[in-house]
Amino acid sequence: MTPEQIKPWLARKERSTVEFKEARRELPRSLFETVCAFLNREGGVILLGVDDRGRVTGVDPTAADRLTTDIVNLSNNPQKLDPPHLLAPERVEYEGKTMLILQVPASPQVHRCSGVIYDRGHDGDFRVQEPVRIAEIVNRKRGYHTEQVVHPFLKFAHFQPELFDKARSWIKVYHPAHPWLRLSDKEMLVKAGLWRADPAARTKGYTLAAGLLFGTEEVIQQLVPAYKIDALVRRVNLDRYDDRLNIRVNLIDAYDLLMEFVAKHLPDPFHLEGSQRISLREKIFREIVANLLAHREYTDPRPATLVIYRDRVETNNAAIPHGHGPIRPDHFTPYPKNPTLSKFLMQMGRGEELGSGILNVNKYLPFYTKGGKPQFIEGDPFVTIIPLPDEASGDTTQKPVETTVEKSRKKTTQETTQETTQEKIFILLKARPGITRRELAKRIGIGPDGIKYHLEKMKAAGRIRHVGPTKAGHWEPFVTIIPLPPEAAGGVTGEITGQVTPQVTPQVTPQVEKLVVALHDEMTRAELMAGVGVKDREHFRKAYLQPALESGVAEMTQPDKPKSSKQRYRLTPKGQALADKLRKGKP
């Protein structure tokens, strides 16, 4: 190896396949963790005698031979690297300094370093301990993808005949002379690679991919019980959804359902390519939907999701990643996650050749969303983010032209609605100090973003203020005390708020009463949970603790630090009075 060959590695800095390590006279402790990670992923090169910034610090020349011997011996020692993989470091002189270059190939086996499995990501090496993650590495090491696993119970009778006709009709649109058009249904399955012999398992039959494309819903649920795709709109209600489509059908129909969902909720601006109008929405989202279906790890229980927000569309897809981090359209190597599924969908015109889809999205998105840049983030899950134009934030149906009178009436109605909403918020803030934004949204019936908008408006108007830290604080209403003359109020000082309202007293529930009886002196949350006999933290918080705090019978010992590890809870005078009554059996 020559210095010229090393320069590109130093120039490109550390990444998933390049690692720098300083090693003046001793081997780095983490060296074989990186070796193990490279063996388990896609291989890489380790440069010993280079710091994290890519500056050559060098290996002590008098120690280089000993370090080389240590690497060879340790790589052949199953106590260090299991199974062993013999490595041969290469000594290189670079700008007057000695370096050791260790090239590590991808291995067909799963390796452990000191009993621990390591994998490689764009941020470095990481331990793999969860069984599902270990299974992913095992699957990656197998000679085929899980889409190609043969399921002997799967028979031709389990497929839907109408789907073969549907597939042929789409193939004919894009490829009128396609050779599959002349084949029988069974012959097409064989030619498409959806029937195969598996010599390792000593079996043959239809694959998981065949079941996903042509199987009935019942058959698909037997093959992959957790399979589903969630399509959601979250423009107003960010905690739940404004619209939802739950898909559990075959992938041929799933594609159409997802495209219909996109068309229902997203605009399609006018665009000419040459003299012909094209659908930008279709050009972009046919690739996004095809990727969502074709590049998923179907044995993973997590659902695939497509979520439409006000400013973006975001997809998440469980995957066995080939790399980690953002994909650059001008510098990436396409890698098929499910090559058989990808190929079949491509024959139907649903998606482009591998890698062309990302290029197409980058080509058309700037016309759809001015200046928009898509994000394709390789990892587990695989994430795609597509920015949306401003007009996509609301209803995409065409609206009639409004008259001046109608606009004026609409504006007045909106202003009245805002005032009513803000009065409701004001009342709740008075009645329930410390109420959260999420609880306000639930009680008033609008989304958290809507609550945030009104709170800011009320703050600007001087009606409320925020007390405490930005994230952990709470909102309080301003109460103006105006002394009234005796003749106006009989000598009683009047309290004037934005609106005269009755005091709302939160109900003391049986759960709160149970907590009050259990609460002695100052107690931790764990002690209180034990006292009331509840093990679920979230249920305890919602049903016991939060209502007790909101009703004023209990309080925090450190209200300014609600999440403090030293937080304790105690009864207020109101709570103590209630506790005395309950303990004495009084109503």
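For the structure itself, look to the data block above.
None of the values given here were measured: they were computed from a predicted structure.

Student: Residues and numbers for helix H4 (residues 131-141), please.
Tutor: When we look at burial in H4, the residues that qualify are Glu136, Ile137, Asn139 and Lys141. Contacts made by the buried residues of H4 are with helix H2 (31-40), strand S7 (116-121) and strand S8 (124-128).

Student: Describe the packing of aromatic side chains, and please don't skip the residues or the numbers.
Tutor: Counted according to the given criterion, the structure contains eleven aromatic pairs. Centroid distance Phe159 to Phe164: 6.4 Å. Interplanar angle 70°. Geometry classified as edge-to-face. Exposure remark for Phe159: the relative accessible area of 6% places this residue in the buried category. Phe164 sits in the buried class, given a relative accessible area of 1%. Ring pairs connect the aromatic residues Phe156, Phe159, Phe164, Trp180, Tyr206, Phe214 and Phe344, which therefore count as one cluster. Against the face of Phe156 rests Lys186, its NZ or CZ located 5.2 Å from the ring centre.

Student: Describe a nonpolar patch on the surface, and please don't skip the residues or the numbers.
Tutor: Nonpolar side chains collect at one region of the surface, where Trp170, Val173 and Tyr174 lie side by side and expose about 290 Å² of accessible area between them. Of the residues examined, Trp170 reaches a relative accessible area of 32% and is grouped as partly exposed.

Student: Tell me about the nonpolar core, and please be specific about residues and values.
Tutor: Residues Phe214, Phe285, Leu293 and Phe344 are the most contacted members of the largest nonpolar core, which totals 65 residues. Judged by nonpolar contacts, the second largest core, of 22 residues, contains Ala23, Phe32, Ile71 and Leu100.

Student: Explain the environment of Leu528 to me, using residue names and the numbers behind them.
Tutor: Structurally, Leu528 can be placed in helix H18 (residues 525-532). Take Leu528: its relative accessible area is 0%, and that puts it in the buried class. With ten residues separating them in the primary sequence, Leu528 and Ala518 have C-alpha atoms 6.9 Å apart. Apart from the residues lying within four places of it in its own chain, the contact partners of Leu528 are Leu515, Leu519, Met523, Phe540 and Tyr569.

Criteria and thresholds
- Residues numbered from 1 in each chain as written.
- Predicted model: local features only at pLDDT ≥ 70, side-chain atom pairs only at ≥ 80, totals over all residues.
- Heavy atoms only, no water.
- Buried < 20%, exposed > 50% of the residue type's maximum accessible area, 1.4 Å probe, protein only.
- Helix = DSSP H or I, 4+ residues; strand = E, 2+ residues; numbered from the N terminus.
- Contact = heavy atoms within 4.5 Å.
- Phe/Tyr/Trp six-rings, centres within 6.5 Å; stacked < 30°, edge-to-face > 60°.
- Lys NZ or Arg CZ within 6 Å of the ring centre and 35° of its normal.
- Patch = residues over 30% accessible without salt bridge, like charges linked within 9 Å, V, L, I, M, F, W, Y side chains within 5 Å.
- Areas by Shrake-Rupley, 256 points an atom, 1.4 Å probe, with all protein chains shown as cover.
- Salt bridge = Lys/Arg side-chain N within 4 Å of Asp/Glu carboxyl O.
- Core = buried A, V, L, I, M, F, W, Y, C linked by side-chain atoms within 4.5 Å.

All quantities given are derived from atomic positions and should not be read as evidence of function.
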